[in-house]
2 protein chains.
Amino acid sequence: MLNFNYSIPTQILFGKDQIEALGDQVKKYGSKVLLVYGGGSIKKIGVYDKVVEIFKANNIAFWELGGIDPNPRISSVREGIKICREKDIDFILAVGGGSTIDCSKTIAAGYYYDGDPWDLVTGDAEIEKALPIGTIVTIAATGSEMNSGAVITNPETNQKLVYGHPAIAPKFSILDPTYTFTVPTNQTAAGVVDIISHTFENYFTRTKGAYLQDRLAEAVLKTCFTYGKTAIDEPKNYEARANLMWASSLAINGLLAFGKNAIWSMHPIEHELSAYYDITHGAGLAIITPPWMEYVLDDETVDKFVEYGVNVWDIDKTKDKYAIAHEAIDKTREYFRSLGVPLTLKEVGIGEEKLEDMAKAVIEHSNGPVGDFKPLNYEDVLNIYKKAL
Amino acid sequence: MLNFNYSIPTQILFGKDQIEALGDQVKKYGSKVLLVYGGGSIKKIGVYDKVVEIFKANNIAFWELGGIDPNPRISSVREGIKICREKDIDFILAVGGGSTIDCSKTIAAGYYYDGDPWDLVTGDAEIEKALPIGTIVTIAATGSEMNSGAVITNPETNQKLVYGHPAIAPKFSILDPTYTFTVPTNQTAAGVVDIISHTFENYFTRTKGAYLQDRLAEAVLKTCFTYGKTAIDEPKNYEARANLMWASSLAINGLLAFGKNAIWSMHPIEHELSAYYDITHGAGLAIITPPWMEYVLDDETVDKFVEYGVNVWDIDKTKDKYAIAHEAIDKTREYFRSLGVPLTLKEVGIGEEKLEDMAKAVIEHSNGPVGDFKPLNYEDVLNIYKKAL
């Protein structure tokens, strides 16, 4: 186990009707709020009206930035910063999924930076402070509600980059599983894949002796495999939605990564797919993950796949190591298939045309080989893309 | 899954040599420190000297309160408050195990209360604020370093009571597994039992659908069962000490209890043993736990024991439910035996004399039946004590 510093400062209000605490929470930090949201589903499910009602009852003034796209653009960030400055905003409330939250985090940091906020994403400028933000989560997926990371896309440069800073961690997040009852099947499925993938990134590492962290990761994986299909078949199953929602936060709030050298690899490989083709992140991950697993499986990594197969999929541990590993990978793919997500690049309309460009971009954006479990160079990434065709 | 509010504000600095950060951490909060510790083992292992060196290098003034006993007394709390007031202390650093930390927490809260600090423990007076505290942990056991609870004993009234308040949660805790290399065998064993017991208290509940929390609890249990004996056989095994240390914090920082109705029962039954006989808390828990399990096992609780047996002990799930349950209980007892902890009251010199008094006290201090998994009345508790003879 490696040394680590643990700090997860976000307060979580989890469960039905926790929105009732919104007024008190916001008033701890401000009274002039930028309300950020996506495509309008928050109006359909009544969360928008409830937020407005609470703001009015608490004399909280607010301005709106709606229409945040999946794979949120730096242009939306710029727009949000402009409103915050014009209206002297002192708190940002993100209502939605990871895209809305990540956009809000970047507005919060960009507010205090004089240059273009893209500099903060690329790391060309340093974040010094950020407006306080809170979130109301409407889909179980990115886990952005409980961490200090964000992903922003710049279509002008074909870049989709991850960055992080403690200042952008939400002060509080309201997680009401009933808000996810109406999430469409394909988005529920993509969200489950995202949670699983975050957990894989933290689980498949070369760090020895982080036994507890690995068992915690398996707990999150089992939760996804147990409830993912249920949430699709019975969208209003509270138990399924609640377990997935809490799993999504724990998968990526640091708990599974503390003490491990968790250098991600599947995400960077996927990020170019959604940067170049604007496909759903979770769909891209479902396409990339099984080929990645098959590609990195070798004598040095096989034991980790055995651990995964035996502990998560209950595969007979007396079998041959490689047999267990392949069975575990097959079960992962079958599980993704049961969720109805795409499993090949062709299914999302991606051909061979840009594979080389994307593989090159993966290496560039990673500043060298990707991942640490089995470090991947340009040829490796290209081969994984090809296996995914 | 029940609603919950999650807030774990303590920052954890985990790993070898993390003490180097002590000066910077303390200076965030104050410059006049009360250094609280126990029987002097911190001098033997060099932590005391290191703390003094860091304090001097950072111009931090400090006063000492040493000699805190296991099952810390309210008298030590009173003494600490007196020093804090006389010396105008602005920060408390607890170096040691749960007793030292719990005593420090209570000094921190008592500092701001004009009456006797025992009122804060009994709940006769409310905590309003507390001095900031930090901890350096030297044994993996109570998990007090990452939560807002404390246990204090009043020998005058034969009371050992638990209380809690957000204000007494440590600001930071330094967890260096190497500090636990020299913990004697019996204390290492008692600590492991304590971690296991905290996890059991959160695991054995009637709450349905908190699947993720139960899998997380199993992760902590497996960690204890994997590394407890190793830490005894190879005291300087870093991997074992590190996993146990992190397990001790996660077992009782809320993570396993959020969303569950975790009303403890083994701890209240044990607390009277150590209140009346001053035995080691972990030893008392090892004595109480298997009889408690056997006593509460019935048609309503058997499925939870099956879950425990199959998931934690890998017992064949096709067996009869009660066979699995009994096998799981037997394995728990055998595991405790392998650690060398006492398994009967007789072994720690407790006879039948005070069983009735203690059973009565358990009910009194719980204000009614104990626990929720299977609520226990006076006769039940007495029967468990008798089974433990």
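Remember, it's a predicted structure, so these values are computed and weren't measured experimentally.

All right, on to the interface of chain B and chain A then. Often the size quoted for an interface is simply the accessible area lost on bringing the parts together. With 39 residues of chain B at the interface, the matching set in chain A holds 40 residues. Between chain B and chain A, the buried area comes to about 3,400 Å², and carbon and sulfur atoms account for 59% of it. In terms of surface lost to chain A, no three residues of chain B exceed Tyr6(B), Tyr211(B) and Leu212(B), which account for 20% of the buried area on that side. For the pair chain B and chain A, the interface holds two salt bridges.

Attention shifts here to the relation of the copies chain B and chain A. Once chain B has been moved 0.0 Å along the axis and rotated by 180°, it coincides with chain A to within an RMSD of 0.0 Å. Such a combination of turn and shift is consistent with a two-fold rotation axis. Residue by residue, 100% of the interface of chain B is reproduced at the interface of chain A, so both copies engage with the same surface.

Moving on, we get to the confidence of the model for chain A. In this model, chain A carries an average pLDDT of 96, and 100% of its residues clear a pLDDT of 70 or more. Overall fold confidence for the complex sits at a pTM of 0.96, while the interface term, ipTM, reaches 0.95.

The subject of this paragraph is unusual backbone geometry. At Asn59(A), a residue that is not glycine, the phi angle is positive and equals roughly 55°. The topology assignment puts Asn59(A) in the loop between helix H3 (47–57) and strand E3 (61–65). Residue Asn158(B) is not a glycine yet carries a positive backbone phi of 55°. Note on placement: Asn158(B) falls in the loop between strand E6 (149–154) and strand E7 (159–164).

A few words on the environment of Lys346(B). With respect to the helices and strands, Lys346(B) occurs in the loop between helix H13 (321–339) and helix H14 (355–365). Between the C-alpha atom of Lys346(B) and that of Leu389(B), which follows or precedes it by 43 residues, the distance is 5.8 Å.

Quick look at the nonpolar core now. What tends to happen in soluble globular proteins is that the nonpolar side chains get buried as a cluster. Judged by nonpolar contacts, the single largest core of 181 residues is most densely connected at Trp292(A), Tyr308(A), Tyr6(B), Trp292(B) and Tyr308(B). Residues in contact with Tyr6(B), not counting those within four places in the same chain, are Tyr6(A), Ile8(A), Thr10(A), Gln11(A), Ile12(A), Met146(A), Trp246(A), Asn253(A), Leu255(B) and Phe258(B).

The subject of this paragraph is the side chain of Asp380(A). Within the secondary structure layout, Asp380(A) lies in helix H15 (residues 378–387). Setting aside anything within four residues of it in sequence, one finds Asp380(A) in contact with Tyr295(A) and Pro375(A).

Across the sheet, which stays open at both edges, the 12 strands sit in the order E3(A)-E2(A)-E4(A)-E5(A)-E8(A)-E1(A)-E1(B)-E8(B)-E5(B)-E4(B)-E2(B)-E3(B) with mixed pairing between neighbours. The strands lining the two open edges of the sheet, one partner per strand, are E3 of chain A together with strand E3 (61–65) of chain B. Looking at each pair of strands side by side, their axes are set apart by 25° on average, direction ignored. Pairing of strand E2 (residues 32–37) of chain A with E3(A) involves five bridges; the strand directions are parallel. The partner of Val36(A) across the bridge, within E3(A), is Leu65(A). Across the face of the sheet, helix H4 (residues 74–87) of chain A comes into contact with E2, E3 and strand E4 (91–96) of chain A while running at roughly 160° to E3(A).

This paragraph deals with the packing of H4(A) against helix H5 (residues 98–110) of chain A. When two helices pack together, their arrangement is given by the angle between their axes and by how far apart the axes lie. All names here are of chain A. At a minimum axis separation of 9 Å, H4 and H5 run at an interaxial angle of 50°. With respect to H5, the axis of H4 lies oblique. Crossing of H4 against H5: the hand is right-handed. Residues Ser76, Val77, Gly80, Ile81, Cys84 and Arg85 of H4 touch H5, and the partners they reach there are Cys103, Thr106, Ile107 and Gly110. Tallied by class, the residues present in the contact of H4 with H5 amount to five nonpolar, four polar and one charged.

Residue and element names in this part refer to chain A. Domain boundaries assigned for chain A yield domain 1 (11–179) and domain 2 (184–387). Relative placement of domain 1 and domain 2: their C-alpha centres are 27 Å apart. Listed by partner, the interface residues are 26 residues for domain 1 and 26 residues for domain 2. Counting the surface lost from both domain 1 and domain 2, the interface buries some 2,000 Å², and carbon and sulfur atoms represent 62% of this. Seen at the junction of domain 1 and domain 2, the total is one salt bridge.

Here is what the cut-offs are and how they apply
Residues numbered from 1 in each chain as written. Chains lettered and ligands numbered in written order. Predicted model: local features only at pLDDT ≥ 70, side-chain atom pairs only at ≥ 80, totals over all residues. Heavy atoms only, no water. Contact = heavy atoms within 4.5 Å. Buried area = accessible area lost by both parts, 1.4 Å probe. Salt bridge = Lys/Arg side-chain N within 4 Å of Asp/Glu carboxyl O. Least-squares fit on C-alpha atoms with pLDDT ≥ 70 in both. pLDDT = per-residue confidence, 0-100. Helix = DSSP H or I, 4+ residues; strand = E, 2+ residues; numbered from the N terminus. Core = buried A, V, L, I, M, F, W, Y, C linked by side-chain atoms within 4.5 Å. Buried < 20%, exposed > 50% of the residue type's maximum accessible area, 1.4 Å probe, protein only. Pairing = 2+ DSSP bridges. Axes fitted to C-alpha atoms, helices over the stretch in contact; angles between N-to-C directions. Parallel < 35°, antiparallel > 145°, perpendicular 65-115°, else oblique. Left-handed = near helix turned anticlockwise from the far one by under 90°. Nonpolar A, V, L, I, M, F, W, Y, C, P; charged D, E, K, R; others polar. Domains from an automatic or database assignment.

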